[in-house]
Amino acid sequence: MTIDRLLMVIFLLIAFANISDVVADYHMQVATWHLAIEGITVVISIAAFVVLWKRVLGRNRELQQVKEALTRHQQREKDGAENQEAKLKLDSAPDSYTAVQSWFKQWKLSPSEQEVAVLLIKGLSFNEIAEVRSTKEKTVRQQASSVYAKSGLSGRNNLSAWLIDTLLE
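Residues numbered from 1 in each chain as written. Predicted model: local features only at pLDDT ≥ 70, side-chain atom pairs only at ≥ 80, totals over all residues. Heavy atoms only, no water.

Before going further, it helps to examine the overall build of the chain. In terms of regular secondary structure, the chain is built from eight helices and zero strands. For the chain, the N- to C-terminal ordering of α and β elements is α-α-α-α-α-α-α-α. Here the chain holds 169 residues, and the buried ones make up 32% of them. Nonlocal contacts in the chain, meaning residues at least 24 apart in sequence, comprise 63% of its contacts between residues at least 6 apart. Carbon together with sulfur atoms contributes 60% to the accessible area of the chain, which is approximately 11000 Å² in total. (Helix = DSSP H or I, 4+ residues; strand = E, 2+ residues; numbered from the N terminus. Buried < 20%, exposed > 50% of the residue type's maximum accessible area, 1.4 Å probe, protein only. Contact = heavy atoms within 4.5 Å. Areas by Shrake-Rupley, 256 points an atom, 1.4 Å probe, with all protein chains shown as cover.)

As structure tokens, then:
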């Protein structure tokens, strides 16, 4: 369970607890100012839930798009390996995908390391990469370290800067 989902559950529990408290206090004819304060707490809790809910939905959409892009990347790699002629044609194409792939091959990155490198460049966190790739975060961290070591780059920022430099050449 992500921290956002945990917070959503907590805010809903707070809202329900406060709603029941407001109802009980109303029947006990508690002071209006007290009911108002508890009502505000209910509204804030529900608003926080809604904000987090929208955030989780947006992040899930983004992760789904990344998963689809990763699937396309894997399919391109598979198609390239199965059809040498298509691979030669793809390698001679002057597009950015081919340029990046040629560097990955020079660095001798494994297919998994290539996927992690692409997702790092896209700005995903280690946790998000693990979720997209259905692996553990520790595995992603190890693969990222391997990418940095093989490429001679010192981290995510240098990897992104390298990409920009490569594409601007």
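Quick look at the pattern of salt bridges now. Two side chains bearing opposite charge may form a pair once their charged atoms approach each other closely. Applying the stated criterion across every chain, the model contains three salt bridges. For the salt bridge of Arg-133 with Glu-115, the shortest nitrogen-to-oxygen distance reads 2.9 Å. Of the two residues, Arg-133 sits in helix H6 (residues 126-133) while Glu-115 sits in helix H5 (residues 111-121), which places them 18 residues apart along the sequence. Accessibility assignment for this pair places Arg-133 and Glu-115 in one class, buried. (Salt bridge = Lys/Arg side-chain N within 4 Å of Asp/Glu carboxyl O.)

Before going further, it helps to examine the packing of aromatic side chains. Two measures describe an aromatic ring pair: the distance that separates the ring centres and the angle between the ring planes. Under the defined criterion, the tally for this structure stands at five aromatic pairs. Each ring, one from Trp-103 and one from Trp-107, has its centre 6.1 Å from the other, and the planes form 50°; the classification is tilted. Taking the centre distance of 6.3 Å and the plane angle of 25° together, the rings of Phe-104 and Trp-162 count as stacked. With a gap of 58 residues between them, Phe-104 in helix H4 (residues 96-106) and Trp-162 in helix H8 (residues 156-168) connect regions that are remote in the sequence. Exposure class is identical for Phe-104 and Trp-162. Each is buried. (Phe/Tyr/Trp six-rings, centres within 6.5 Å; stacked < 30°, edge-to-face > 60°.)

On to H8, then. Helix length check: H8, at 13 residues, gives a terminal C-alpha distance of 18 Å against a target of 18 Å (1.5 Å per residue), a fit within 8%. Listing the buried residues of H8 in full gives Leu-159, Trp-162, Leu-163 and Thr-166. For H8, the angular spread of the buried residues around the axis is 100°, confining them to a single face. In H8, the exposed positions that point more than 90 degrees away from the buried face belong to Asn-157, Ile-164 and Leu-168. (Expected span 1.5 Å × (residues − 1). Arc of directions from axis to C-beta.)

With that settled, consider the nonpolar core. Ranked by size, the top nonpolar core spans 24 residues in total, and within it Leu-120, Leu-159 and Trp-162 carry the most contacts. Of all the secondary-structure elements, those providing two or more residues to this core are helix H2 (32-82), H4, H5, H6, helix H7 (137-151) and H8. Those residues in contact with Trp-162 that sit more than four places away from it in its chain are Val-100, Trp-103, Phe-104, Trp-107, Ile-121 and Leu-153. (Core = buried A, V, L, I, M, F, W, Y, C linked by side-chain atoms within 4.5 Å.)

Relative to the helices and strands, Asn-18 resides in helix H1 (residues 3-27). Aside from chain neighbours lying at most four places away, what touches Asn-18 is Glu-38, Thr-41 and Val-42.

Now for the packing of H5 against H8. Two elements in contact, H5 and H8, have axes separated by 9 Å at closest approach and are oriented at 85°. Viewed along their axes, H5 and H8 adopt a mutual orientation that is roughly perpendicular. On H8, the residues touching Ala-117, Leu-120 and Ile-121 of H5 are Arg-156, Leu-159, Ser-160, Trp-162 and Leu-163. (Axes fitted to C-alpha atoms, helices over the stretch in contact; angles between N-to-C directions. Parallel < 35°, antiparallel > 145°, perpendicular 65-115°, else oblique.)

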